[in-house]
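Notes for the structure review
Spelled out, the chains give:
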Amino acid sequence: MNIVWATRGRTWGFRFLLDAGLRDPLPTYDLAFDGSEGDRMVYRRVGAHVALRFPDPSGRQDQSGRVIPHDIVLLPPLADDVHSVEDGLRVVWPLLADAFATVWDQAQPPTGASLQALLDRGSSPPGR
């Protein structure tokens, strides 16, 4: 999937759930979100990538009562279809929502394989 996705669950900390097949997604993530620290909602186009940040659409919170953020970096071709946070919520969030609903409240974060299995149950996104 052409998505780098970092978020946290109710009890597990902020981590990458998807890495877009990159060996190390951190440099891509850092470049995409550079300068947006503390911003609750983000839409940024950086080259061919799109950075999105939005609070959990269902209002889910971690054990400390903080609303869970979703930081997403879209790579082409999916990035070509997103031009705002609203587009991200309409185009991208439906690809991830069911899987996140399943894992966010688990005691441990999902493994890459378990998350992929959940995503595979849904429809395959473009560029997959």
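Definitions and cut-offs
Residues numbered from 1 in each chain as written. Predicted model: local features only at pLDDT ≥ 70, side-chain atom pairs only at ≥ 80, totals over all residues. Heavy atoms only, no water. Helix = DSSP H or I, 4+ residues; strand = E, 2+ residues; numbered from the N terminus. Buried < 20%, exposed > 50% of the residue type's maximum accessible area, 1.4 Å probe, protein only. Polar contact = N/O pair within 3.5 Å; in protein donor to acceptor, adjacent residues only side chain to side chain. Contact = heavy atoms within 4.5 Å. Pairing = 2+ DSSP bridges. Phe/Tyr/Trp six-rings, centres within 6.5 Å; stacked < 30°, edge-to-face > 60°. Salt bridge = Lys/Arg side-chain N within 4 Å of Asp/Glu carboxyl O.

Quick look at the side chain of Asp-56 now. Position of Asp-56 relative to the elements: it lies in the loop between strand 4 (49-55) and strand 5 (69-74). Taking relative accessible area as the criterion, Asp-56 reaches 4% and is therefore assigned buried. Within the structure, the side chain of Asp-56 is placed 3.1 Å from the side chain of Arg-60, a separation counted as a polar contact. Apart from residues lying up to four places away in sequence, Asp-56 is in contact with Val-67, Ile-68, His-70, Trp-93 and Phe-100.

Our next topic: unusual backbone geometry. Of the consecutive residues Pro-76 and Pro-77, the connecting peptide bond is found in the cis state with omega at 5°. Along the chain, Pro-77 turns up in the loop between strand 5 and helix 2 (85-91). The phi torsion at Ala-20 lies on the positive side, around 55°, for a residue other than glycine.

Let's shift gears to the pairing of strand 1 (residues 3-7). For strand 1, the buried fraction is high: five of the five residues fall into the buried class. Of the two faces of strand 1, both are covered, the one formed by Ile-3, Trp-5 and Thr-7 as well as the one formed by Val-4 and Ala-6. As paired strands, strand 1 and strand 5 are joined by five bridges and run antiparallel to one another. Bridge pairing in strand 5 links Val-4 to Val-73.

Here we come to the side chain of Ser-36. In this fold, Ser-36 is placed in the loop between helix 1 (26-33) and strand 3 (42-46). Apart from the residues within four sequence positions on either side, Ser-36 is in contact with Val-42 and Arg-53.

Take the packing of aromatic side chains next. Applying the stated criterion across every chain, the model contains six aromatic pairs. Site record: aromatic cluster; members linked through ring pairs are Trp-5, Phe-54, Trp-93 and Phe-100.

With that settled, consider the pattern of salt bridges. Tallied over the entire structure, the rule returns six salt bridges. We note a salt bridge from Asp-71 to Arg-53, for which the minimum N-O separation is 2.7 Å. Of the two residues, Asp-71 sits in strand 5 while Arg-53 sits in strand 4, which places them 18 residues apart along the sequence. Residues Asp-71 and Arg-53 agree in their burial class; the two are buried.

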